[in-house]
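Descriptive structure summary
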Amino acid sequence: MADHLRRFTPTPRTVHLCIDMQRLFTDEGPWPTPWMERVVPVVAEIAARFPERTVFTRFMPPVRPDDMPGAWRHYYERWRETTREKIDPGLLALVPPLARLAPPATVIDKSRYSGFAEAALPAHLRERGADGLIVTGSETDVCVLATVLGAVDAGYPVILVRDAVCSSSDEGHDALMKIYNRRYSEQIEAADAETILARWA
């Protein structure tokens, strides 16, 4: 797979959007992503390049299942220990190497898989005049997938950092990386962090 940016060149208005790199998804939490630990240094390097251009999303469960509609209510009945009336609030925090970058990085909370499902992230990106997104985070085949497709629908070119996304499912991760490259190649590019950082001045 070629590792260069053919379509999109990051600019000073390009935003690094980091999805849900929280203690919730480490070995400390109920939804562990075993290889998050190995991508954290890569994500931190990207975020530290321009922390003021970085947005961290955090996945925020409801206080109780009844606070969510439809199938989400059933989901949190299954995962009641993750609701905010049960969980250790510290697990909702960003992992420490990223938490220390905010501020100047921005933190936006969300209650759905996609960062674009609620108004805060789209409004923030419009306000700062974002012209594209560099995407990192967890999980490749869940919240990253949903957010990337929301970004595509909103018209943002997306650069996915191949070595800075992770999943609890190797099969899901590998399948989605193929789909990102083959099915959405006009709107999504994938490259390693080294390539992206060399181009993001």
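Structural notes, computed from the coordinates. (Residues numbered from 1 in each chain as written. Predicted model: local features only at pLDDT ≥ 70, side-chain atom pairs only at ≥ 80, totals over all residues. Heavy atoms only, no water.)

Attention now goes to helix α4 (residues 120-127). Here α4 has its buried residues at L121, P122, H124 and L125. Projected onto a plane normal to the axis of α4, the buried residues spread over an arc of 160° and lie on a single side. Exposed positions of α4 whose direction lies more than 90 degrees from the buried face are R126 and E127. Looking at the buried residues of α4, the elements they touch are β1 (15-19), β2 (54-59), β3 (106-110) and β4 (133-138). Following α4 by one or two positions, G129 adopts a phi angle in the positive range, close to 70°. (Buried < 20%, exposed > 50% of the residue type's maximum accessible area, 1.4 Å probe, protein only. Helix = DSSP H or I, 4+ residues; strand = E, 2+ residues; numbered from the N terminus. Arc of directions from axis to C-beta. Contact = heavy atoms within 4.5 Å.)

Attention shifts here to the state of the cysteines. Going through the model one piece at a time under the given rule, you end up with zero disulfides. Counting only cysteine sulfurs, C18 is the nearest neighbor of C166, a cysteine outside any disulfide, at a range of 9.2 Å. (Disulfide = S-S within 2.5 Å.)

The subject of this paragraph is the environment of V42. Positionally, V42 belongs in helix α1 (residues 36-49). Along the backbone, V42 and D192 are 150 residues apart, and their C-alpha atoms lie at a distance of 9.6 Å. Not counting chain neighbours up to four residues away, the residues in contact with V42 comprise D163, A164 and A193.

Quick look at the packing of aromatic side chains now. Applying the stated criterion across every chain yields a total of 12 aromatic pairs. Geometrically, the ring pair formed by W72 and Y76 is stacked, given 6.0 Å between the ring centres and 20° between the ring planes. Taken together, the residues W72 and Y76, both in helix α2 (residues 70-78) and four residues apart, mark about one turn of the helix. A relative accessible area of 16% places W72 in the buried class. The structure contains a cluster of three or more aromatic residues connected by ring pairs, namely F25, W31, F59, W72, Y75, Y76, W79 and Y113. Seen from the ring of F50, R53 lies directly overhead, with NZ or CZ sitting 3.6 Å from the centre. Across the ring face of W79, the terminal group of R78 is positioned such that the distance to the ring centre comes to 4.0 Å. (Phe/Tyr/Trp six-rings, centres within 6.5 Å; stacked < 30°, edge-to-face > 60°. Lys NZ or Arg CZ within 6 Å of the ring centre and 35° of its normal.)

This next bit is on the sheet that holds strand β5 (residues 158-166). Neighbouring strands of a sheet are bound in pairs by backbone hydrogen bonds; such pairs are parallel or else antiparallel. Pairing is parallel across the open sheet formed by six strands, whose spatial order is β3-β2-β1-β4-β5-β6. Every interior strand has two partners, whereas the edge strands, β3 and β6 (188-191), have only one. Here the average twist between neighbouring strands, direction ignored, is 25°. Bridging between β1 and β2 involves four bridges; their strand directions are parallel. Paired with C18 across the bridge in β2 is F56. Each of β1, β2, β3, β4, β5 and β6 touches helix α5 (residues 143-153); the most contacted strand, β4, lies at about 160° to it. (Pairing = 2+ DSSP bridges. Axes fitted to C-alpha atoms, helices over the stretch in contact; angles between N-to-C directions.)

The subject of this paragraph is the pairing of β6. The side-chain alternation of β6 yields two buried faces, one formed by I188 and A190 and the other by E189 and A191. Handedness of the crossover joining β5 and β6 through helix α6 (residues 170-183) is recorded here as right-handed. (Right-handed = clockwise from strand over helix to strand, strands pointing away.)

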